[in-house]
Structures are given as structure tokens and as C-alpha cells.
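Breakdown of the fold
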Amino acid sequence: MVAFRFMKKSIYLILTCFCVVMCSGNHNGTDAAPEYTVSVLQDGSWKQAWVHQALVSDYSDHEEIWDDWDNSKALRDTMSIALFEDDFLSEVKVRVHTTEKFTSCRVRPSNLGIEPVILDSYTVEFTVPSFDERKLSVEFDGNRQENLFVVGNRPDADKPSPDDDGVMYFGPGEHEAGELHIGDNQTIYVDFGAVLYANFVITGDNVRIAGNGIITGKKMEHWGNTQYACGDVLFMVGPQGRSHIENFTVEDVTLIDSPSWTFFLSNINGVRIENINMINWILNGDGIDLVCCQNALIKDCLLRCYDDCITMKVSHGARPDCSNIEIDGCLIWEDIARGIVIGPEAGNAYMNSGRIHDVDIHDCVFLEHRGTSEGDNVRAALAVCQWKHPMDRDGHATEISDVTCRNLYFDDIKSDGTYIFVWQMPSQSEPSYIRNLVFDNIHVNDAGKVRNPVFQAFTNENSILGMEISDFHINGKKVMSEGRDFICDGQISDLVFR
């Protein structure tokens with residue numbers, strides 16, 4: 001039986017099927033952020049979408065953010081996300097009105113070929129071609145920092161009843177629930193139009209979080225030191241009094257403003273995170289951390305995080321492997337660290353035998369990666385980082401093996417960003433190994449603007465045993481050997497270009 005600890009206080013708003021929520025925000029600490037009104041053409045009339053603002057951080061503009069936990073210095077920027085529901089039986093026309101004048105507008109991913117039509121200095125229209133292409137970034141005059149995400153979902157035909165056993169239902173309106181402790185066989189449903197202020201401690205099997213609403217950590221305490229955020233995780237998921245958890249599912253919800261990691265998933269067999277949206281501004285504000293998890297699927301998600309968006313780890317205190325991980329069709333926006341990373345915490349062979357293996361990353365689009373003034377190139381949109389963990393103990397990282405990255409599109413990231421980086425930790429007690437890396441059908445689109453090499457691999461006294469590069473294209477040109485944009489340094493055996 002589950003023990004729910006929450007405040008049954010709900011402030012219900014009067015909402016139509018589509019509503020607008022506007023919040024205040026700062027741009028570079030001074031100017032107000034642009035506000036967007038988004039409308040969708042349905043049944044011959046324009047209906048307003050639900051617009052919600054979210055804080056984001058940009059280290060290149062706001063180096064003081066490290067200890068500005070309460071935002072007292074107003075060092076955050078503010079972006080927006082527009083949510084709407086539609087059956088998607090045909091294409092959907094969208095109109096965006098902004099409070100700031102603009103002269104140009106871009107809708108990404110670029111490979112979708114969506115061309116916006118500017119109606120006047122404040123208004124633009126474009127067409128969402130299909131349900132599969134319904135998650136977009138709208139950017140005015142090159143301002144990506146305060147961009148607008150537009151996301152459509154189908155109405156949920158299988159919406160549970162609020163009276164169903166095992167269901168905690170949150171309907172349209174605002175709800176302050178505090179910390180929720182969730183046990184076996186429970187569903188938390190956040191309906192379209194609902195904003196739930198809550199965080200979760202999940203210790204049971206067969207838990208499901210769902211609905212087209214918003215879960216936010218905005219009202220949780222945000223605090224830390226000069227290096228790390230120390231607030232609670234939005235979703236702490238792991239066994240208590242058992243060896244592991246079976247089957248954890250999250251689908252359709254939008255997650256905003258965790259005071260630390262968003263998902264800390266530890267020792268779980270059977271993870272499915274599908275069709276979620278996430279915006280997280282805070283220092284070391286990871287998105288999805290899979291720590292010693294098996295059989296995980298992350299699919300059709302839109303993630304914008306200040307720190308790693310998706311990471312696979314083996315911590316020194318946990319023994320199971322992190323294995324059989326699939327990342328399918330995600331949009332990745334990384335503000336400072338790593339978009340998708342195998343590692344960096346790759347265990348310690350002196351302490352346990354857990355390793356990372358059988359990872360398939362495919363059909364994803366990388367919308368952004370931003371560099372740092374330190375020039376830390378281990379940070380990249382896509383990375384394989386094999387660090388011994390903990391780094392201050394003797395030992396060496398356990399093996400990473402059988403990693404396939406295929407059908408990936410890198411969409412004109414920031415000029416000081418990094419695309420792909422493979423890195424092994426130097427000066428370990430013994431060498432570490434990465435086996436069987438495959439990069440297949442990779443397309444980089446940046447018109448030559450990015451300063452860093454597109455691909456970098458450094459073994460640092462360790463070894464990569466088998467790496468295949470197939471159909472790797474940089475601005476339309478196929479890569480067939482190492483060169484200025486494709487650097488391999490160290491012990492790499494069986495390096496093949498196809």
C-alpha cells in the first residue's frame with residue numbers, strides 16, 4: 001500500500017480547453033523576456049495554446065550563476081513552452097505573436113524544412129506537418145536563449161478516472177502537493193491544464209506518471225554551494241529494502257525547474273520515459289540519470305538542461321550493470337555540459353564489477369550545445385566519457401562496450417560548442433577499455449561555423465578496441481579518414497571508415 005504525503009490543497013483556475021499562463025522573466029538581468037501568445041487553427045477558428053515560461057541559464061552570459069541560487073541577481077534568462085492538444089488527422093497551422101519586434105524567425109529542427117511566414121513585425125505563422133514533427137523550437141532574430149518550444153499532443157483517449165483505484169489524479173488548475181511518496185502499482189495523472197508543484201520519492205514497482213500537464217519544482221528550495229546544487233531531486237526513484245525496482249514509466253508530462261537532477265533512477269529493471277518535455281536551468285541540473293539500470297527506453301522526448309540531458313552511469317556503490325539502453329527519436333538541447341553521455345561515472349573495478357554496455361542511440365536531433373570559457377572539451381552534444389568513480393580512489397573504470405550511435409542529426413549548434421567527444425580518464429591504476437563503438441549515418445549541419453573539431457577521441461593511456469565510422473557527413477561531405485575535423489589520438493585498434 002502506498003503512503004501518500006501531500007497537502008490536499010488545490011487552487012483551481014477557470015480554464016478553457018486551451019489557456020495561457022504568463023509569468024515574468026529577465027533577459028540578461030535587465031530587460032523583460034519576450035512573451036508569446038500561441039494560437040492553433042482548429043475547426044476553422046484560432047484557439048489559444050497553453051504557454052508557460054521557464055527559467056534557463058547561459059554560462060557564457062552569466063558566469064556568476066554558480067552561487068546565485070535564489071536568482072537574487074536576476075541572472076537567469078526566460079524561455080517559453082507552448083502546449084496544445086490536437087488529433088493530428090492532418091497538418092496543423094500555428095500562429096505566434098511576440099511582445100518584441102523581430103525581423104527574422106527560424107523554426108527548428110532544420111531538417112524538417114518548416115518555413116515560417118512573417119505576417120508583421122510581431123507575428124509569424126507556420127505549419128506543423130504531422131504528429132511525428134510536432135516538437136519545435138521557434139527562434140526570433142537568432143535569440144535561442146529565450147526561444148519558444150511549441151509542442152503538440154493528442155488528447156489522451158485512455159485517461160483514467162479520478163476515482164480509479166491506485167490513481168492520484170490532478171485536474172486542470174494549480175496544485176501544491178509537496179513531497180509525494182509512491183509505492184507499488186500507483187499512477188499519478190496530471191491532466192492537460194494542470195500545474196502540479198511536487199517532488200516524488202518512488203520506491204515501488206509498476207509506477208506510472210502520465211498526462212499532458214506540467215510538473216514543476218519551482219516552489220521547492222533551490223540551494224547549493226559554489227560548485228553544486230544541493231536541492232532535492234524532482235524524481236528520486238530507487239529501491240528501499242529491496243534489491244531493485246521493476247517497471248517505472250513516465251509519459252507525456254512536461255517537467256520544469258528541478259532544484260537538482262530531474263530523474264535519479266537507480267537500480268531499476270524496466271524504465272520507459274516517452275514523449276516528455278523538460279526544461280532545467282540549475283547548476284548540475286541533469287535531466288535523466290540512469291544509474292545501474294537495465295532495459296530502459298527513452299523515446300520521443302524534448303530535453304533542455306543546463307547539465308547532462310541523458311546520462312548512463314555505474315556508481316561505485318552499486319553493483320548491477322547499466323545495460324540494454326535505447327534512446328530513440330529525442331530532441332536534445334544542452335546548455336553547458338553533455339547532451340547524451342555514456343558515463344562519465346563508469347564505476348571502479350577495484351570496488352565492483354558493474355559496467356555499461358549495449359546502448360543504442362538513434363534517430364535523435366541535437367539542437368544545441370554551448371561551450372564554456374574553460375574550454376572543457378569533455379563536454380559535448382554526444383559523448384562517451386569513461387571516468388573512474390570515485391575519482392579520488394585507486395582503481396580504474398570498468399568496461400564500456402557495444403555502443404551504437406546511428407541516424408543522428410546535429411543542427412547548427414553554437415560556434416563554441418562541441419559535437420562528439422570520446423574520452424578515457426588518464427593516470428588510472430590500470431588501463432580501461434571501450435569496445436565496439438559504432439557511429440553510423442551521422443549528419444552535421446553547421447555551415448563550417450563551429451570552431452572545435454566535429455569528432456574527437458582521446459584514449460589517454462587506455463584503449464578503444466574496435467570503432468566503426470559509417471556514412472559520417474559534415475556539411476554534406478562524407479568523412480573517409482582522420483583529419484582536422486575528425487581527430488583520433490591514442491590506442492585505437494580496428495578503426496574503420498565506411
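Note that the coordinates shown come from a computational prediction; the quantities given were computed from them, not determined experimentally. (Residues numbered from 1 in each chain as written. Predicted model: local features only at pLDDT ≥ 70, side-chain atom pairs only at ≥ 80, totals over all residues. Heavy atoms only, no water.)

Below, the discussion takes up unusual backbone geometry. Of note, the amide linkage connecting R108 to P109 takes the cis form, showing an omega dihedral of 10°. In this fold, P109 is placed in the loop between β9 (105-108) and β10 (117-120). In this chain, H389 is followed by P390 through a cis amide linkage whose omega measures 0°. Structurally, P390 can be placed in the loop between β35 (382-386) and β36 (400-411). Phi is positive for N475, close to 50°, though the residue is something other than glycine. Positionally, N475 belongs in the loop between β39 (455-474) and β40 (477-478). Residue classification places N475 among the partly exposed residues on the basis of a relative accessible area of 38%. (Helix = DSSP H or I, 4+ residues; strand = E, 2+ residues; numbered from the N terminus. Buried < 20%, exposed > 50% of the residue type's maximum accessible area, 1.4 Å probe, protein only.)

With 92% of its residues at a pLDDT of at least 70, the chain reaches an overall mean of 90. Counting contacts from residues 1-30, a segment whose pLDDT is below 50, to residues more than four positions away or on other chains yields 82 contacts. (pLDDT = per-residue confidence, 0-100. Contact = heavy atoms within 4.5 Å.)

Okay, the side chain of Q294 next. Among the structural elements, Q294 can be located in strand β27 (residues 294-299). Using a relative accessible area of 18% as the deciding quantity, one classes Q294 as buried. Within the local environment of Q294, its side chain forms a polar contact with the backbone oxygen of C292, the two atoms lying 3.0 Å apart. When residues no more than four places from it in sequence are discounted, the contact partners of Q294 are I268, N269, G270, V271, P320, D321 and S323. (Polar contact = N/O pair within 3.5 Å; in protein donor to acceptor, adjacent residues only side chain to side chain.)

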